[in-house]
Every structure is written in C-alpha cells, then in structure tokens.
Amino acid sequence: MAFVIIALIIIALVALVLANIRVVPQSKAYVIERLGTYFATWQTGLHVKIPFIDRVAKIVSLKEQVVDFKPQPVITKDNVTMQIDTVVFYQITDPKLYTYGVESPISAIENLSATTLRNIIGELELDSTLTSRDTINAKIRVILDEATDPWGIKVNRVELKNIIPPREIQDAMEKQMKAERERRESILRAEGEKQSKILVAEGHKESKILEAEADKQSAILHAEAVKEAKIREAEGEANAILKVQEATANAIKLLNEADANDAVIKLKALEAFEKAADGQSTKIIIPSEIQGLAGLAEGIVETAKK
C-alpha cells in the first residue's frame with residue numbers, strides 16, 4: 001500500500017510539472033501573472049511556471065489581424081445620409097498593454113472608428129466623399145493609430161469597404177453614369193468615323209500619287225523610246241549616206257585606177273544627167289560638156305542616116 005501511495009504521489013508530481021511546462025509557439029505571446037499581478041510576457045520558446053502561483057492571464061497573437069465592422073450611418077456636409085462600412089488591419093505590438101489597457105479592444109476600435117468616420121465625412125460633401133476614399137482612409141488610420149497606441153495596438157491600414165448612398169442618389173448616379181457612357185461612346189464613334197474618313201482620304205491621295213507617278217514613268221519611257229528610235233533612224237541615215245559616199249569614192253578610185261579618157265568621163269556625166277532628168281525639177285541646167293556630147297550624138301545620127 002505504501003508503494004502504491006508513493007507511485008501515485010510521483011505520478012501526480014510529474015503530471016503537475018508537465019502541466020506547468022509551456023512551449024510558446026511562433027507569433028504568440030503569453031501574459032503571465034504571479035499571485036494576480038502581471039509578472040512577465042513569455043515569447044517563443046520553452047517556459048515553466050510555478051504551480052498555483054503563476055498563471056497564464058492571456059494568450060496574444062502577434063500576427064496582423066483584420067476586423068470588418070458593420071455599416072455605420074453617416075451624414076455628409078450637404079445633409080446626405082449614407083451607410084459606410086470599414087475594414088481595419090491592426091497588429092498587437094505590446095501584449096501587456098493589450099491585456100490591461102482596455103477591457104474590449106475590438107469593440108473600442110469599432111466605436112472609435114465610427115466616431116472618427118462621422119467627423120471626417122461631416123466635413124465633406126457627397127461628391128468629395130465618393131471621390132476621396134484614399135484621403136479618408138489615411139485620416140482614419142492616423143487617428144486610430146494614435147488612439148490605440150496606449151492599448152498596445154498598431155493600426156496598419158483602414159479601408160472604406162462600401163459607401164452606400166440613398167436609393168434616389170444611387171438612381172441619379174446611375175443615370176449620370178449612363179449618360180456619361182453614352183457621351184463617351186458617341187465621342188469614340190465620332191472619332192472612329194473621323195479616322196475612317198482620314199484613312200479613306202489618305203488612300204485616295206496615295207492612289208492619285210501612284211497614278212501620277214505611273215503616268216510620269218510612262219511618259220518618260222515613251223520619250224526615251226521615241227528618242228531611241230530617232231537616234232537609231234539618224235544613225236541609219238548616216239550609215240546610208242556613208243555607204244553612198246564610200247561607193248562614190250570607190251567608183252572614182254576605180255576610174256582613176258583605170259585611167260579613163262575624156263569620152264568615158266563624158267559618158268558618166270551623161271548617165272548622171274539622165275538620172276537628174278528623171279526627177280521632179282521643172283528647170284534643168286545642162287553643163288557645157290553634156291551639150292557637146294549631145295551635138296556629137298546628133299552628128300553621129302545624121303552620118304548614120306546618110
């Protein structure tokens with residue numbers, strides 16, 4: 001029996017020790033109280049607390065957290081009531097202040113966010129509210145970050161999730177947006193037609209330019225052809241004249257080489273006169289030598305008759 005009692009005592013002591021050994025995981029912090037008073041903040045690692053004296057007052061997450069607050073009614077400077085809901089991104093930087101600074105930190109942030117939002121929107125008109133989200137977000141973040149600093153909380157970012165104006169305002173905005181879309185569509189259509197006309201005109205212009213260039217090239221080629229033909233014709237005539245002159249020169253050369261007498265020369269002159277007489281001239285000047293040949297021929301004819 002004594003052995004059993006001792007074993008039970010040992011088991012109870014081991015269980016007690018094991019129950020008071022804590023391993024703090026990454027991104028967590030344990031707030032420890034000793035006899036009801038804040039004692040320490042345990043960070044990541046192995047820790048042992050004294051039984052019945054120390055206790056874990058709060059386990060705090062050090063990650064960035066997101067809280068989405070329900071829509072809040074706000075009134076703009078021009079007396080338009082709208083619903084706006086916000087999203088707050090925050091992170092606990094001091095577990096002790098977070099544990100002992102405020103009773104309900106999330107509820108406190110929500111109320112502070114709603115109050116700040118009403119103050120900021122109350123200074124803006126409807127149009128400015130709809131177009132100044134970044135400015136509103138920045139202002140709310142600065143105010144919340146400063147107010148939550150004593151609570152060990154850092155507000156990293158605030159976003160206006162939805163801005164819901166009254167139904168009649170929404171209808172008017174939808175009509176305005178529709179009109180704006182139709183206006184842009186008309187502008188784009190007009191620009192398209194304008195560009196199309198410009199392209200057609202450019203095409204006609206390019207076509208005319210190409211036709212003119214083609215006509216120009218055709219005229220140049222025709223002129224070149226006519227010029228070439230005339231050159232070849234002139235070269236042919238020149239060659240013909242040259243051939244005739246060469247033939248004449250050769251004939252004279254042959255006559256000189258044959259030592260032709262006066263009778264042969266006069267006969268050649270008579271042949272030339274015959275060719276001249278076959279022309280279209282109305283007046284013929286007869287050289288004196290040919291006249292003498294004519295008289296000689298007449299005398300021969302008369303002698304033959306006798």
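A. Geometry of the nonpolar core. Core analysis: the biggest nonpolar cluster contains 29 residues, and Ile84, Val88, Leu117, Ile136, Ile140 and Leu160 have the highest contact counts within it. For this core, the secondary-structure elements that each account for two or more residues are β8 (81–92), α3 (105–121), α5 (133–148) and β9 (153–164). Here Ile84 is in contact with Lys70, Pro71, Gln72, Val74, Leu117, Ile121, Leu160, Asn162 and Ile163, once residues within four sequence places are set aside. Counting five residues, the second largest nonpolar core, distinct from the first, contains Tyr30, Ile32, Ala40 and Trp42.

B. Quick look at the packing of aromatic side chains. By the definition in use, this model includes one aromatic pair. Seen from their ring centres, Tyr38 and Tyr100 are 6.0 Å apart, and the 80 degrees between their planes marks the pair as edge-to-face. Of this pair, Tyr38 sits in strand β3 (residues 37–42) while Tyr100 sits in helix α2 (residues 95–100); the two residues are 62 residues apart in sequence, bridging distant segments of the chain. When its relative accessible area of 28% is taken as the criterion, Tyr38 is described as partly exposed. Over the aromatic face of Phe39 sits the side chain of Arg34, whose NZ or CZ is 3.8 Å from the ring centroid. Positioned above the aromatic ring of Phe89, the side-chain terminus of Arg157 is 4.0 Å from the ring centre.

C. Representation of the pairing of strand β7 (residues 72–75) within the structure. Only one face of β7 is buried, namely the one carrying Gln72 and Val74, since none of Pro73 and Ile75 on the opposite face is buried. In this structure, β7 lies alongside β8, joined through four bridges in antiparallel fashion. Paired with Gln72 across the two strands is Ile84, which belongs to β8.

What counts and what doesn't
Residues numbered from 1 in each chain as written. Predicted model: local features only at pLDDT ≥ 70, side-chain atom pairs only at ≥ 80, totals over all residues. Heavy atoms only, no water. Core = buried A, V, L, I, M, F, W, Y, C linked by side-chain atoms within 4.5 Å. Buried < 20%, exposed > 50% of the residue type's maximum accessible area, 1.4 Å probe, protein only. Helix = DSSP H or I, 4+ residues; strand = E, 2+ residues; numbered from the N terminus. Contact = heavy atoms within 4.5 Å. Phe/Tyr/Trp six-rings, centres within 6.5 Å; stacked < 30°, edge-to-face > 60°. Lys NZ or Arg CZ within 6 Å of the ring centre and 35° of its normal. Pairing = 2+ DSSP bridges.

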